[in-house]
Amino acid sequence: MDHLQNLQLGDLWKPAYYGNLFNSKKHDFHNFPNQIGWTLSNDTLEFETETDISFNKFLQSWLFFGLLSTILGKPAKTLSETLVSEAGYINTSRLNGYLEDWRNDVAQQKPHTRSLRMIRAQIALDKARHIVTEYCSDDGKKIKPEGHPCHVHPYLGLSLMVLGETLTNAKSKIVEKVGFNIHGWHGDAMEGWGTPSCVLETMKRNGWCRKLVEILKLQLRSHATSLLAAYASHVQTDAVTSYLIEGHKDCTKEKCGIKVRGTDGKYVTQHQPLCRRHPKHPLTSNDENLCWQMGPEIGEVVELISHHRVPLMEYDRDDGAVRVVGYKPYMPYATLSHVWSDGYGNPESNKLWKCQLDFFDDLIKEAHEESRSGEKRLFWIDTLAVPIHEQYKAQRRIAVRQIHGVYTNARYTVVIDKGLGQMLPADSYEGTAMRILASGWMRRLWTLQEAYLSRRLYFAFAPGGPREKRLKNLEDLEEMYPKASDILTSNIPSAARNYFHNLLGNDRRARINELPAGNGTDILASVWRAARWRTTNHQEHETLALATLLNLDYQNTKFQDAGLIKDAAKVEDDQLQGMMIDLWKLLDKTCPGSIPPGIIFLPGEKLKDSSFGWAPKTWLSNEELEYPDPLSSMVGAAKLVPEGLLVQYPGFVLHAQSRRAILGDNENSFHFPSDSTLLEWYGVELVGLRSNPPIGVQKDEKQLAIILCRPKPKEIPEIALLVEIEEIIVQRSFNDKQHRSTIYHVSYDWRVKIWRETNTDLLSKWRDYITASIDHDEKIATGDSEHEDKMICGEALDSDQRWYVGGRPPPRKTETEKMEEEVKKLATHKMAETVQIAAEVGLTLPKANAPEVKKTVPFTINGLGGPGRTSFSRPTYTVTSPRPTANNGSTSVTSQVISVQTSQGDSSAPQQQYPVQPPALAQTTIPAYHQVFMAQPPDGLQAATPRGARSRSVSAASSSSYNTQPPSTGQHHPHGSTPSLSVQTLGTSPPAEREASPSPRSRLPVPTKPVKIANGSAVNGSANGRAA
């Protein structure tokens, strides 16, 4: 690693020299393991040997000296003599000269010879990378523990990773210079060779934030050289202990535990390190005259915001005052971007310490001189400009909505980060870029929009001297890139720039320079890439920050007041998911077609809503995208529809005897052929956890399909989706009935890796299995086989196949469950009606328990909707609740009888009745003129008709009716008999029959006083407002 001169790693992780067995004249790179007695299984990728050659010596001979000799064309003996130090360690300081010789040799060769040499180099690199990532990387599947015969020493593994990435980068640079246009043979210079465990352990041991280490590991895409650069950029400073160790002892891989808290656990606004009131200052003091909190007149701030104007601040250091200035168009000002965990916030008031304001003033003065702005040094910072008090909620809401315009209109933004402020900017491009990349500011969600929207960014570093500048302009940093990237030894500058731009947003430069920006899909994909590594302490702020960044009008959404929520614990998961659904709806409504279709392939937990099962639950996933980048491959625009997200992708429909053949118990992989020739086979492996798995056992097995992110997967595993087919929709036109198109409505199930299988041994074995399965089918047909057929066939779909991708729909209800629900609804409706009747007559009902539903099976029941000829065996449901006993003129409400019939049933079949009793009524005597003779029946039920009155319409959906009857107690009232209310069903006679000859029990007595009907009309003894 000595060829990486800018890193200055010294003696860190120097690999030992184990000896070289590779002879360029006798050995071939691809057959070298077998030639010296180490056997590599192509099926399992496991090594076996009967020799006494150590595994470390074998690997170093093959994948270090052998790989170098094969690619550079240099004898392995020469390489082992020049790349080994006298102390017995690998020293690559002379590798730079060998790479230059390689470039010159290739440039002098004929195009055909040059092309073949590049192809051979790429094949060797691909094979070496496959072994190194499996056996040396921290997340390799074949990595062995110490003591195992195939254990690789961590320092040797690191050297193999760095060498592979160096050669891959050098080949890419040579191809750019000399030309090489054979499609599919270039390789990916940005693809890493693994994550070195020794570097990770050193970072953790030195007190680095565990969350930061995990993010860097994922961000850098297993690129060992870049991880080295990130480490080196932070160890080359005296501030390493205070920045990386202080406050990070409680951090985990999932969360950074750094807190700015006082002894009482509350947030503490911090002093500057040079302030004597800072607790770690050598002459620390609590004298309030040394430093005090200052802020603007909050009334002036609120007044400006109320009139939808932006309040800017002007700090007068001499007078010790913060004045408020209302923004006017084209007025130059600066914005300050910071992280609250660095102590620049204040949850109690809109004030900051004087030492902080002095620090800001120095930075703004330097930036003003740099940008040649006006004399007034105006600035905006959220701590002072966004009202914090409860009485200013309305103004706070407006201020949050102003943030997009605040950063867009600012002349420049100064980034203040506690860690960067303690480090000097590096002399190299990659050093400075890596320091910014690993800063806390780059990991917060709100600072993403501030970086994305700002025209010009200045990063505040520690000053190198009294007169040294401390601001580093991002544009100046970008000008250093071309020279830094024109080297063969390292891909760090390109890697740093790539990661740097992904975090700040790829579309930012085009927008700032007023160049044509990408389409909405590209912009959203760029923001997604930038946001996934960010974090926020308040989950409800995620949708608000993203909507602000994208300049969406989020009024009347579930997250419009997210910035006003003080206690994050009050926000439940369902609320957060509702906010995210509103954000996706708003995006589709504001910018139709902007949702990237590749979002269905992204990792992370999905939303539970059946129409949004394709959508990640959060944009802050902290996960790397699998190969190939699904956000970069576009087949067609996505469209939000009620069924889910409409996308166009190729895929396979899987055909099998049962789903167990595809995914049996404890199985996570399967394979299938794609046509009858049995020549093209694909392997599939499940990735991660299942999304929204079904609850319980599904009786109906749904067919499975695979959605590909691009046609014809190659040998390298690619990300795809295994989905359940909910419905197959066939569409055609009226004019051309022969032309049909199919849309598959699917539910999101598993993320999988799919690859084309080329292993001849496996293919031969699988073909034999398919042949045996054909005989097996014949045996099943004759009953001669008890074994389950596991044959799977894939039906290839077109590259523009349309899919409705949604979530898992709710489980289908059985007929019994549907009947239960209908009975409960009807019972609840009748009980609510009883309460309404009581309210009409002035009764107060006591609280009653929910009705009890009892179930007995089986029984015979007629169909809902009237008499029929067929009877069915169904469960019995009895809904009961207590009722009072009526006496002495008080009103009683008798039991309600519900009759449920099937739509087709025999009128002579026994009818099941459900007695339903309403809640207990108070023992209240009701005068005759307040008696209720009839209530409005629920939809689908018929009201009983008094003699001589016009009958009501009868719904075909039910044969139930309401009746009132005289009391049976014989009690009399001064004004006549006191009736009681009775609700029950009629018999099984048809509605017309009942109208023609009403039952004697349905005849109503004619009252002497007006009767009040539930619908509010007053009549004299009739049900429809006419006299009897």
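Thresholds applied
- Residues numbered from 1 in each chain as written.
- Predicted model: local features only at pLDDT ≥ 70, side-chain atom pairs only at ≥ 80, totals over all residues.
- Heavy atoms only, no water.
- Helix = DSSP H or I, 4+ residues; strand = E, 2+ residues; numbered from the N terminus.
- Buried < 20%, exposed > 50% of the residue type's maximum accessible area, 1.4 Å probe, protein only.
- Contact = heavy atoms within 4.5 Å.
- Areas by Shrake-Rupley, 256 points an atom, 1.4 Å probe, with all protein chains shown as cover.
- Salt bridge = Lys/Arg side-chain N within 4 Å of Asp/Glu carboxyl O.
- Pairing = 2+ DSSP bridges.
- Polar contact = N/O pair within 3.5 Å; in protein donor to acceptor, adjacent residues only side chain to side chain.
- Core = buried A, V, L, I, M, F, W, Y, C linked by side-chain atoms within 4.5 Å.
- Axes fitted to C-alpha atoms, helices over the stretch in contact; angles between N-to-C directions.
- Parallel < 35°, antiparallel > 145°, perpendicular 65-115°, else oblique.
- Left-handed = near helix turned anticlockwise from the far one by under 90°.
- Nonpolar A, V, L, I, M, F, W, Y, C, P; charged D, E, K, R; others polar.
- Phe/Tyr/Trp six-rings, centres within 6.5 Å; stacked < 30°, edge-to-face > 60°.
- Disulfide = S-S within 2.5 Å.
- pLDDT = per-residue confidence, 0-100.
- Lys, Arg positive; Asp, Glu negative; His and termini not counted.

Visitor: What am I meant to see in the overall build of the protein chain here?
Guide: A count of helical and extended segments in the protein chain gives 28 helices and 32 strands. In the protein chain, buried positions account for 51% of the 1028 residues. Considering only contacts within the protein chain whose residues lie at least 6 apart along the sequence, 72% involve residues at least 24 apart. Working note: accessible area of the protein chain is about 49,300 Å², and carbon and sulfur atoms make up 48% of it.

Visitor: Any chance you could explain the pattern of salt bridges here in plain terms?
Guide: When their charged atoms lie close together, side chains carrying opposite charge are able to pair. Across all of its chains, the model carries 25 salt bridges by this definition. In this structure, Glu100 and Arg103 form a salt bridge, with 3.0 Å as the shortest nitrogen-oxygen distance. Within this pair, Glu100 and its partner Arg103 are both found in helix H4 (residues 95-108), separated by three residues, close to a single helical turn. Classification of Glu100 as partly exposed rests on a relative accessible area of 34%. Here Arg103 falls in the buried class, since its relative accessible area comes to 17%. The partner of Arg710 in a salt bridge is Glu718, and the shortest N-O contact between them spans 2.9 Å.

Visitor: Would you take a moment to explain the pairing of strand E6 (residues 334-338) for this structure?
Guide: One face of the sheet, then the other: side chains in a regular strand alternate in exactly this way. A large share of E6 lies buried, amounting to five of its five residues. Of the two faces of E6, the one holding Ala334, Leu336 and His338 and the one holding Thr335 and Ser337 are both buried throughout. As defined by bridge partners, E6 adjoins strand E8 (residues 378-380) across two bridges and the pair is classed as parallel. Bridging across to E8, Thr335 finds its partner in Trp380. Across five bridges, the pairing between E6 and strand E9 (residues 412-416) is parallel. Residue pairing for E9: Ala334 is matched across the bridge by Tyr412.

Visitor: Help me understand helix H16 (residues 429-437) in this model?
Guide: Counting buried positions along H16 gives nine out of nine residues, so the element sits mostly inside the fold. Its side-chain oxygen placed 3.1 Å from the backbone nitrogen of Gly431, Ser428 serves as the N-cap of H16.

Visitor: When you look at the nonpolar core in this model, what are you seeing that I'm missing?
Guide: It is characteristic of soluble globular proteins that their nonpolar side chains tend to be buried jointly. In this structure, Phe379, Trp584, Ile600, Trp614, Trp619, Ile707 and Trp803 are the most contacted members of the largest nonpolar core, which totals 108 residues. Top contributing element to this core by residue count: helix H24 (residues 573-590), with eight residues. Once residues lying within four places of it in the same chain are set aside, the contact partners of Trp619 are Leu524, Val527, Trp528, Ala531, Arg532, Glu542, Leu546, Met580, Leu583, Trp584 and Leu587. The next biggest cluster of nonpolar side chains, apart from the first, holds 97 residues, and it includes Phe47, Phe459, Phe461 and Leu474.

Visitor: Is there a simple way to explain the packing of helix H2 (residues 55-72) against helix H6 (residues 154-178) in this structure?
Guide: For any two helices packed against each other, one specifies the crossing angle of their axes together with the interaxial distance. It is the contact of H2 with H6, at a shortest axis distance of 11 Å, that shows an interaxial angle of 15 degrees. One finds that H2 runs roughly parallel with respect to H6. Like other packed secondary-structure pairs, H2 and H6 cross with a definite hand, here left-handed. For the pair H2 and H6, the contacting residues are Asn56, Gln60, Leu63, Phe64, Leu67, Leu68 and Ile71 in the first and Leu156, Ser159, Leu160, Leu163 and Leu167 in the second. Classifying every residue of the contact of H2 with H6 by side-chain character gives nine nonpolar, three polar and no charged.

Visitor: Even after reading the chapter, I still don't get the sheet that holds E6, so can you show me in this structure?
Guide: What links the strands of a sheet is backbone hydrogen bonding, and the strands pair in either a parallel or an antiparallel sense. The strand order E5-E4-E8-E6-E9-E10-E11 describes an open sheet built from seven strands, whose pairing is mixed. At either end of the open sheet lies a strand with only one pairing partner, and these are strand E5 (321-326) and strand E11 (471-473). Within this sheet the neighbouring strands show an average axis-to-axis angle of 35 degrees, counted without direction. Where strand E10 (residues 457-460) and E11 come together, three bridges link them in antiparallel fashion. Among the inter-strand pairings, Tyr458 is bridged to a residue of E11, identified as Asn473.

Visitor: Got a minute to help me understand the packing of aromatic side chains in this structure?
Guide: Two descriptors summarise a pair of aromatic rings, namely the distance from one centre to the other and the angle between the planes of the rings. For the structure on display, the rule yields 37 aromatic pairs. Between Phe29 and Trp62 the ring centres are 5.7 Å apart and the planes differ by 40 degrees, which places this aromatic pair in the tilted class. With Phe29 in the segment before helix H1 (32-35) and Trp62 in helix H2, the pair connects residues that are 33 residues apart, well separated along the chain. On the basis of relative accessibility, which here comes to 0%, the residue Trp62 falls in the buried class. Residues Phe652 and Phe672 carry aromatic rings whose centres are separated by 5.2 Å and whose planes lie at 70 degrees to one another, so their mutual orientation is edge-to-face. Linking Phe652 in strand E14 (residues 651-656) with Phe672 in strand E15 (residues 669-673), this pair joins segments that are 20 residues apart in sequence. Phe672 shares its class with Phe652; the two are buried.

Visitor: What is the right way to look at the state of the cysteines in this model?
Guide: Structurally, a disulfide amounts to a covalent bond that connects the sulfur atoms of two cysteines. Applying the stated rule across the entire model yields zero disulfides. With no disulfide of its own, Cys275 has Cys355 as its nearest cysteine by sulfur position, at a separation of 3.9 Å. Residue Cys275 is classed as buried on the basis of its relative accessible area, which comes to 10%.

Visitor: Honestly, the pairing of E5 in this entry has me stumped. Any pointers?
Guide: Note: strand E4 (residues 311-316) against E5, six bridges, orientation antiparallel. Bridge assignment links Asp316 to a residue of E5, and that residue is Ala321. Once E4 ends, the chain turns through four residues before running back antiparallel as E5, passing Gly320 with a positive phi of about 65 degrees.

Visitor: Just to check I follow, could you spell out the confidence of the model for the protein chain for this structure?
Guide: Any residue range with low pLDDT should be treated as having predicted coordinates unsuitable for detailed reading. A residue-level look at the protein chain finds 72% of positions with pLDDT of 70 or above and a mean pLDDT of 77. When the criterion is pLDDT under 50, residues 238-242 qualifies, and its contacts beyond four places in sequence or with other chains add up to five contacts.

Visitor: What am I meant to see in the side chain of Arg435 here?
Guide: Inspection of the secondary structure puts Arg435 in helix H16. Of the side chains with opposite charge, Asp427 comes closest to the buried, unpaired Arg435, at an N-O distance of 8.1 Å. A polar contact is formed between the side chain of Arg435 and the backbone oxygen of Ser233, at a distance of 2.5 Å.

Visitor: Even after reading the chapter, I still don't get unusual backbone geometry, so can you show me in this structure?
Guide: Trans peptide bonds make up most of the peptide bonds, and negative phi angles are found at most residues other than glycine. Between Tyr627 and Pro628 the backbone carries a cis peptide bond, its omega angle lying at -15 degrees. Of note in the backbone geometry, Lys712 takes a positive phi value of approximately 50 degrees without being a glycine.

Visitor: I keep staring at the packing of H6 against helix H9 (residues 224-235) and nothing clicks. Help me out?
Guide: Axis separation between H6 and H9 bottoms out at 8 Å; the angle between their running directions is 105 degrees. By the criterion of interaxial angle, the relationship of H6 to H9 is roughly perpendicular. Every residue of H9 that contacts H6 at Leu158, Met161, Val162 and Glu165 is listed here: Ala224, Thr225 and Leu228. Of the residues that constitute the contact of H6 with H9, the class distribution is five nonpolar, one polar and one charged.

Visitor: Before we go on, may I ask you to explain the environment of Ile398 in this structure?
Guide: Checked against the element boundaries, Ile398 lands in helix H14 (residues 393-401). Between the alpha carbons of Ile398 and His307 there is a distance of 9.6 Å; along the sequence they are 91 residues apart. Apart from residues no more than four positions distant in its own chain, Ile398 is found in contact with Ile305 and His308.

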